[in-house]
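Observations on the three-dimensional arrangement
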Amino acid sequence: MQAQREKDFTGEPVRLNKFLSDAGYCSRREADRLIAAGRVLVNQERAVVGMKIFPGQRVSVDGQVLHREQERILLAFHKPRGVVCTTDTTWGDTTIYDLMNYPKRIFSIGRLDKDSEGLLLMTNDGDIVNKIMRASNYHEKEYLVSVDHEITPDFLQKLREGVYLRELNVRTRPCVVSPVARKQLGIILTQGLNRQIRRMCETLGYRVTRLVRVRVMNIELGDLEPGGYRPLTRAESEQLMAQLSGEQ
């Protein structure tokens, strides 16, 4: 067992939050929260935020020993409506992890609220999560949105220009908006505020009746069935990594 642990820690020392991310346990941001909460041990001693891990050291979270993941996992998953992205089962909700029942530990790149559906990217690579989620990188996410009454040119233009969300005290970034049908529109965002599209529409007097994410960067939902998932193709993965190359 010790030989296996040392094998898993070969190479240059890395920051502890990156190690937890590489192990597929969580994102770097979440790793820092776990470390600060005292839940991470290195060689049976409480870890500190910012520390580095050296070859041969033993890392555990809540008693679970972690090993660096050698194989990057990247999946496209079609989240159905009514399913939640959290691991919290307090309220008896079905989670994406229940539905996927994937044999290795993975986590979602971003979230969709319970009433929304569509494309989620799933991975064990925390670096990818950080790069795609960082708002300053302006990565596109595309949605198909149905509303409760007929859309107007004024409504579309206000969405394009950005909407001030009083409850968040922020104005949304300008975005690409196009009409699809009388009560349906397409919208491309480069930020991911909490329930952003729903809040934008409500501020302008509309209620979202259906919201489907159809694309994240170069990855499209396509004809993937609700509840289904697939590995990214080699071409998709290579294009995605090329877009992320050089980003922090």
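The numbering scheme is per chain: residues are counted from 1 as the chain's sequence reads. For a predicted model such as this one, the threshold for reporting local features is a pLDDT of at least 70, and the threshold for listing and counting side-chain atom pairs is 80 or more; totals across whole chains, interfaces and linings nevertheless cover every residue. Heavy atoms throughout the structure, all of them, feed into the side-chain values; hydrogens and water do not.

As a further point, take the overall build of the protein. Strands are runs of DSSP state E lasting at least two residues, helices are runs of H or I lasting at least four, and both sets are numbered from the N terminus onward. Helix and strand content of the protein: eight helices and 17 strands. Expressed as lengths along the three principal axes of its C-alpha atoms, the size of the protein is roughly 65 × 40 × 35 Å. In the protein, buried positions account for 46% of the 248 residues. The contacts in the protein between residues at least 6 apart in sequence include a share of 65% that link residues at least 24 apart. Buried residues are those whose accessible area, probed at 1.4 Å on protein chains only, stays under 20% of the maximum for their type, while exposed residues exceed 50% and partly exposed ones sit between those limits. Whether two residues are in contact is decided by their heavy atoms: any pair within 4.5 Å suffices.

Time to look at the pairing of strand β9 (residues 117-123). Most of β9 sits out of view: seven of its seven residues are buried. Only strands that DSSP links by at least two bridges are regarded as paired with each other. As judged from the six bridges shared by strand β7 (residues 74-79) and β9, these two strands associate in the antiparallel manner. What sits directly across from His78, in β9, is Leu119. Of the pairings in the sheet, the one linking strand β8 (residues 107-108) to β9 comprises two bridges and is antiparallel in character. The residue bridging Ser108 from the neighbouring strand is Met122, located in β9. Relative to strand β15 (residues 208-216), β9 runs parallel, the two being bridged by two bridges. Residue pairing for β15: Glu117 is matched across the bridge by Val212.

What follows is about the nonpolar core. Grouping buried Ala, Val, Leu, Ile, Met, Phe, Trp, Tyr and Cys residues that are joined through side-chain atoms within 4.5 Å yields what is termed a nonpolar core. With 31 residues, the main nonpolar core has Met122, Tyr143, Val145, Phe155, Leu185, Ile187 and Ile197 as its most contacted residues. Elements supplying a minimum of two residues to this core: β7, α4 (96-100), β9, β10 (141-147), α6 (153-161), β14 (184-189), α7 (196-203) and β15. When near neighbours in sequence (up to four residues on either side) are disregarded, Val145 contacts Lys183, Gln184, Leu185, Ile187, Ile197, Val208, Arg210 and Leu211. In terms of nonpolar packing, the next biggest core, distinct from the first, is built from 18 residues, Leu74, Ala76, Leu119 and Leu224 among them.

Okay, the sheet that holds strand β3 (residues 45-46) next. With respect to topology, four strands assemble into an open sheet ordered β3-β2-β5-β6, the strand pairing being antiparallel. Because the sheet does not close on itself, it has two edges, and the strands there are β3 and β6 (64-65). Judged from the three bridges that link them, strand β2 (residues 40-42) and strand β5 (residues 59-61) form a sheet pairing that is antiparallel. Looking at β5, one finds that Leu41 is bridged to Ser60.

For the rest of this paragraph, the subject is the environment of Asn124. Position of Asn124 relative to the elements: it lies in the loop between β9 and α5 (126-133). For the pair Asn124 and Thr190, spaced 66 residues apart in sequence, the C-alpha to C-alpha distance is 23 Å. We define a polar contact as two N or O atoms separated by no more than 3.5 Å, with the added condition that, inside protein, one atom must be a possible hydrogen donor and the other a possible acceptor, whereas residues neighbouring each other in sequence contribute only through side-chain atom pairs. At 2.8 Å, the side chain of Asn124 forms a polar contact with the backbone nitrogen of Ile73.

What follows deals with the state of the cysteines. The criterion for a disulfide is a pair of cysteine sulfur atoms lying within 2.5 Å. Using the criterion set out here, one finds zero disulfides in the structure. For the unlinked cysteine Cys26, the closest cysteine sulfur is that of Cys85, found at 17 Å. Residue Cys26 is classed as buried on the basis of its relative accessible area of 6%. Take Cys201: it sits in no disulfide, and the sulfur closest to it among the cysteines is that of Cys175, at 9.7 Å. For Cys201, a relative accessible area of 1% gives the class buried.

So, about the packing of aromatic side chains. What counts as a ring pair is set by centres within 6.5 Å for rings of Phe, Tyr and Trp (its six-membered ring), and what kind of pair is set by the plane angle: stacked under 30 degrees, edge-to-face over 60, tilted for all other angles. Summed over the entire model, instances satisfying the criterion amount to two aromatic pairs. Taking 5.7 Å as the distance between ring centres and 75 degrees as the angle between the ring planes, the aromatic pair formed by Tyr102 and Tyr229 counts as edge-to-face. Here Tyr229 lies in strand β17 (residues 229-231) and Tyr102 lies in the loop between α4 and β8, a separation of 127 residues in the sequence. Exposure remark for Tyr102: the relative accessible area of 26% places this residue in the partly exposed category. Given the relative accessible area of 33%, Tyr229 is considered partly exposed. Where Phe155 meets Tyr206, the ring centres are 3.8 Å apart and the plane angle is 20 degrees; that geometry is what we call stacked. Here Phe155, found in helix α6, pairs with Tyr206, found in the loop between α7 and β15; they are 51 residues apart in sequence, far enough to count as distant. Arg105 extends its terminal NZ or CZ atom over the ring of Tyr25, reaching a point 4.1 Å from the ring centre. Remark: a charge is flagged as sitting over a ring if the NZ atom of Lys or the CZ atom of Arg is within 6 Å of the ring centre and within 35 degrees of the ring normal.

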